[in-house]
Amino acid sequence: MLTLVVVLLVLWLVLAVVGFAIKGLLWLGIIGVILFLGTALVGAIRRRARR
């Protein structure tokens, strides 16, 4: 499960960087940041629940 979360975090980060690098794809950057934060939050909650 941790591997999936890390892969998703990297994917969202790449989308955010591409979105902010290309002006016409600003929406992609915003979606990437939102998905990155959401995935990080879900990963943190699941990790705390295991303890």
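So, how was this worked out
Residues numbered from 1 in each chain as written. Predicted model: local features only at pLDDT ≥ 70, side-chain atom pairs only at ≥ 80, totals over all residues. Heavy atoms only, no water. Helix = DSSP H or I, 4+ residues; strand = E, 2+ residues; numbered from the N terminus. Rg over C-alpha atoms; globule rule 2.2 N^0.38 Å. Areas by Shrake-Rupley, 256 points an atom, 1.4 Å probe, with all protein chains shown as cover. Axes fitted to C-alpha atoms, helices over the stretch in contact; angles between N-to-C directions. Parallel < 35°, antiparallel > 145°, perpendicular 65-115°, else oblique. Left-handed = near helix turned anticlockwise from the far one by under 90°. Contact = heavy atoms within 4.5 Å.

A. Examining the overall build of the protein more closely. Of regular secondary structure, the protein possesses two helices and zero strands. Here the C-alpha atoms of the protein give a radius of gyration of 12 Å, more than 25% beyond the 10 Å that 2.2 N^0.38 yields for 51 residues. Each principal axis of the C-alpha atoms in the protein carries an extent, and together these give about 45 × 15 × 10 Å. When the accessible surface of the protein is summed, it comes to about 4100 Å², and 77% of that surface belongs to carbon and sulfur atoms.

B. Layout of the packing of helix α1 (residues 2-21) against helix α2 (residues 26-50). At a closest axis distance of 7 Å, the pairing of α1 and α2 adopts a crossing angle of 160 degrees. For the element pair α1 / α2, the angle class is roughly antiparallel. As for how α1 packs across α2, the hand of that crossing is left-handed. Facing V5, L8, L9, W12, L13, L15, A16, V18, G19 and F20 of α1, the residues of α2 in contact are L26, L28, G29, I30, G32, V33, L35, F36, T39, A40 and G43.

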